Amino acid sequence: MTTTPNADTRTKKQTKPEQKNTKNRQPGTSDAVAPTTHRPRALSYSRTTATAARVLRQLGHDPRTIALLILIPCVMLFLLRYVFDGNPRVFDSIGASLLGIFPLITMFLVTSIATLRERTSGTLERLLSMPLGKGDLIAGYALAFGTLAVIQSALATGLAVWFLDLDVTGSPWLLLIVALLDALLGTALGLFVSAFASSEYQAVQFMPAVIFPQLLLCGLFTPRPEMHPALEAISNVLPMSYAVDGMNEVLLHTDMTATFVRDITIVAGCALLVLTLGAATLRRRTT
């Protein structure tokens, strides 16, 4: 007569290997080994410059983007000069202001679309899975597009002052400083709004919401003190207003004034603040 082992005996035999494996286990440990992630705690010069170099290499393979960044502001200034060919004083009054506005608009468009394209293609997710922080990524983008902004602003300023005969009382170098800060502000705004768009079409749609109100209220079409008090109060908190004010200071004064220093400080501070917000809101992928 054969006997079958009862359920307790089978359970003991099945659990023996597990009991054997747990003898050498240290207290407080588990079977699964948690993957270690290395998160950089601060900005790194090497990581930032490597990101900037990668972005510049990618832009080098896209001549249309390079043309948009560098040539379009020059073409717009050239057209504007000869639109007012019969009255050059009109160009002198608004040319300097547009010298700062055109780079801001073009850098906003290109930066927002380029950043969104990297997120939708999965490049951004792969980069952030490496030992690369959001701050390094945003700083690298700002450095890359800032390098292009220097070239763009220098060409536009040189064209306006020495070829189109823009009458400027102050130093053209001060115009270049304001134009460069405006381009950097456009880069920062583009990086920031790209986090809230899920397609390139939506990124372009942010332009009427972010750029056009500033364009209308910056004092380009009418002095800001002559606006409705509510609109004037709104214009006082928009960075483009201080960019136009800074350009007007260069038009009217031979030396650097305290108002000019205040204006460029506000524009630079806004650019830095928006870059910080862009790093905080940057997403790995588009949902």
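Quick summary incoming for the structure in this document. Model, not experiment: these values are computed from the prediction.

Looking at a nonpolar patch on the surface
1) Next: A cluster of nonpolar side chains, namely Leu68, Leu71, Ile72, Val75, Met76, Phe78, Leu79, Tyr82 and Phe163, defines an oily patch on the protein surface of about 800 Å² accessible area.
2) Next: The dominant element in the nonpolar patch, judged by the number of residues it contributes, is helix α3 (residues 63–83), at eight residues.
3) Next: Here Leu79 is to be found in helix α3.
4) Next: According to the relative accessible area criterion, Leu79 is partly exposed, its value standing at 48%.

So, the side chain of Ser112
1) Next: Secondary-structure assignment places Ser112 in helix α4 (residues 88–120).
2) Next: Separated by 2.8 Å, the side chain of Ser112 and the backbone oxygen of Phe108 make a polar contact.
3) Next: Excluding anything up to four places from it in sequence, Ser112 contacts Gly190, Val193, Ser194 and Ala203.

Section: the packing of α4 against helix α7 (residues 172–193)
Each packed pair of helices is defined by two parameters, the angle between the axes and the distance between the axes.
1) Next: Look at α4 against α7: their axes get within 7 Å of each other, and the N-to-C directions meet at 30 degrees. One element, α4, and the other, α7, form an angle in the roughly parallel class. The way α4 lies across α7 gives a crossing that is right-handed. Contacts between α4 and α7 involve Ala96, Leu99, Gly100, Ile101, Pro103, Leu104, Met107, Phe108, Thr111, Ser112 and Thr115 on the former and, on the latter, Leu175, Ala179, Asp182, Ala183, Leu185, Gly186, Thr187, Leu189, Gly190, Leu191 and Val193.
2) Next: Taken together, the residues of the contact of α4 with α7 sort by class into 14 nonpolar, seven polar and one charged.

Calculation rules
- Residues numbered from 1 in each chain as written.
- Predicted model: local features only at pLDDT ≥ 70, side-chain atom pairs only at ≥ 80, totals over all residues.
- Heavy atoms only, no water.
- Patch = residues over 30% accessible without salt bridge, like charges linked within 9 Å, V, L, I, M, F, W, Y side chains within 5 Å.
- Areas by Shrake-Rupley, 256 points an atom, 1.4 Å probe, with all protein chains shown as cover.
- Salt bridge = Lys/Arg side-chain N within 4 Å of Asp/Glu carboxyl O.
- Helix = DSSP H or I, 4+ residues; strand = E, 2+ residues; numbered from the N terminus.
- Buried < 20%, exposed > 50% of the residue type's maximum accessible area, 1.4 Å probe, protein only.
- Polar contact = N/O pair within 3.5 Å; in protein donor to acceptor, adjacent residues only side chain to side chain.
- Contact = heavy atoms within 4.5 Å.
- Axes fitted to C-alpha atoms, helices over the stretch in contact; angles between N-to-C directions.
- Parallel < 35°, antiparallel > 145°, perpendicular 65-115°, else oblique.
- Left-handed = near helix turned anticlockwise from the far one by under 90°.
- Nonpolar A, V, L, I, M, F, W, Y, C, P; charged D, E, K, R; others polar.

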